[in-house]
Amino acid sequence: MKVSWVFMMLLIVAVFTVRVSLASDPYLKMFSSQAQSDPCYDDEKARKCIPDFVNAAFGTPVQVSSTCGQKGPEKYCELPDNDGAVDSNESEGPLCHLCDDTNPKKRFPASALTDLNNPNNVTCWRSEPIVPPTNINSPPDNVTLTLSFGKKYELTYVNLLFCPRSIKPDSIAIYKSADYGKSWQPFQFYSSQCRRVYGRPNRATIGKANEQEARCTDSHRHGDGTQGTRIAFSTLEGRPSAHDFDSSPVLQDWVTATDVRVIFHRLQMPQDSLEDHFLTSQQAFVPSSKYHDSLLGTNVIETYTTSTATTTAVGQHYAVSDFTVGGRCKCNGHASRCITGKDGLLTCECKHNTAGRDCERCEPFYFDRPWGRATDHEANECKCQDRIEIEKGKMQLLLYVKWKERLFKKKVKLDAKLSR
Ligand SMILES: [Ca+2]
């Protein structure tokens, strides 16, 4: 009786197992097909793959050289709305308010630059009030925003959205670094006076010979190419090889950045009519010197002149509500996403037998052909070396590790002897 009961139980378990395995078969198939749908492979054949397009600035801390109200309460002023109305409860005047970093309702921190941009609840960063220029040669404001991605990205655009009722700055320089801030390269300039301020022609044409050159434009002053209070720099616009990006190492370098820096040089030129909002006296306009780029990418002024003009400007400042940088994590076509590595750093999840934070080299023992960036037509997968060569390499590595171990043990013994 006991034996037949055990037999029955075994039979039930066997039938159940067969039914479950049959039932789960489609699921297993589904999972296996999911595993095969790696964007870096097409039926096990390597193909170019790239991480998603993202706003690389979103939620990233921005280093700023100046923030309103951090050294105590300060006055800042706004332009009136089109209908002349400004909502203010401050006693300093109808256009002016106080900023105070210790008061949550009056703070304008750098974190507002890269938070969620909600049109119904605009958050702003504001600089400390600046000293308005008395003439064209007055020292530049040099108010700086620096954004570090901690990883190489390929950038498509850099956008700045200015706060409601704020002035769109006149002269802005955008720089980029591709070596984590060691060196900086001009990316784009904006000025109503490109030649005078940045020593560059206005709206220069870019040819095949100078595709890696920063341009200067006054378009932001005239409304074309920008919308409202926005400045949008498109990294590839007007560059001839942009349509054949895959085969242009020059443009691939051009869009590569680990950091982006925006330097506000002039809020307004002294002769700007808009300045009437803030200045009560006519300024002397003295055309002569310009800012120039030093190797470090900081801009300095060559000469200073003094002006006899007096100003009563108050509360002029820079105010940005959104700093956006569109691009993709740079993986050279060998990864479909970036992940946080064991070292805590953002790194490509490399495929095609490639390695490195940007999949910029072949994995050990995969040097059958030189490394190459993946293109639409050729994945440039790193291939395995000859089997014997690999075994030889592995053996050499093993011998080296063992030798290091022996050396370490000897050292430990020696240290122990000496310490006695
Ligand atoms: Ca914001």
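Residues numbered from 1 in each chain as written. Predicted model: local features only at pLDDT ≥ 70, side-chain atom pairs only at ≥ 80, totals over all residues.

Before going further, it helps to spend a moment on the overall build of the protein. The number of helices and strands found in the protein is five helices and 20 strands. Counting all 420 residues of the protein, 32% fall into the buried class. Sequence separation of at least 24 residues holds for 69% of the intrachain contacts in the protein that already meet a minimum separation of 6. (Helix = DSSP H or I, 4+ residues; strand = E, 2+ residues; numbered from the N terminus. Buried ≥ 20, exposed ≤ 12 C-beta atoms within 10 Å, placed from the backbone. Contact = placed C-beta atoms within 7 Å.)

Counting residues in hydrophobic clusters, the biggest one holds 65 residues, and the most contacted among them are Ile 174, Val 320 and Phe 323. Per-element tally for this core: the top contributor is strand 8 (residues 143–162), with nine residues. (Core = buried A, V, L, I, M, F, W, Y, C linked by C-beta atoms within 7 Å.)

The next thing to look at is the pairing of strand 8. Relative to strand 8, strand 4 (residues 62–64) runs antiparallel, the two being bridged by three bridges. The partner of Val 64 across the bridge, within strand 8, is Leu 145. Sheet topology places strand 8 next to strand 13 (residues 256–266); eight bridges connect them, and they run antiparallel. The residue of strand 13 that forms the bridge with Glu 154 is Thr 256. Strand direction decides the pairing type here: strand 8 and strand 16 (residues 319–329), joined by nine bridges, are antiparallel. Note that in strand 16 the partner of Phe 162 across the bridge is Val 320. (Pairing = 2+ DSSP bridges.)

Moving on, we come to the environment of Gln 316. In this fold, Gln 316 is placed in the loop between strand 15 (299–301) and strand 16. Exposure remark for Gln 316: the 23 C-beta atoms within 10 Å place this residue in the buried category. Measuring from C-alpha to C-alpha, the distance between Gln 316 and Glu 128 comes to 8.4 Å, with 188 residues separating the pair along the chain.

Next up on the list: the environment of Glu 381. Structurally, Glu 381 can be placed in the loop between strand 20 (361–362) and helix 5 (387–419). Once the C-alpha coordinates of Glu 381 and Tyr 366 are considered, the two residues, 15 residues apart in sequence, prove to be 9.3 Å apart. Residues contacting Glu 381, with those up to four places away along its chain left out, are Ala 46, His 352 and Asn 353.

This paragraph deals with the confidence of the model for the protein. Residue-level pLDDT values for the protein average 82, and 75% of them are 70 or greater. The model gives residues 88–93 a pLDDT under 50, and that stretch makes seven contacts with residues more than four places away or in other chains. In the predicted structure, residues 273–312 sits below a pLDDT of 50 and forms 79 contacts with residues beyond four places in sequence or in another chain. (pLDDT = per-residue confidence, 0-100.)

Despite not being glycine, Arg 165 shows a phi value in the positive range, around 60°. Here Arg 165 is to be found in the loop between strand 8 and strand 9 (171–177). On the neighbour-count criterion, Arg 165 (16 C-beta atoms within 10 Å) is partly exposed. Unusually for a residue other than glycine, Arg 203 sits at a positive phi of about 55°. Along the polypeptide, Arg 203 turns up in the loop between helix 2 (194–198) and strand 11 (215–217). In this structure Arg 203 comes out as partly exposed when scored by C-beta crowding, with 13 C-beta atoms within 10 Å.

Once that is clear, we can look at the pairing of strand 10 (residues 185–190). Direction of pairing for strand 9 relative to strand 10: antiparallel, over a ladder of five bridges. For Ala 173, the partnering residue across the bridge sits in strand 10 and is Phe 189. The sheet contact formed by strand 10 and strand 11 spans three bridges and is parallel. Its bridge partner being in strand 11, Tyr 190 is matched across the sheet by Thr 217.

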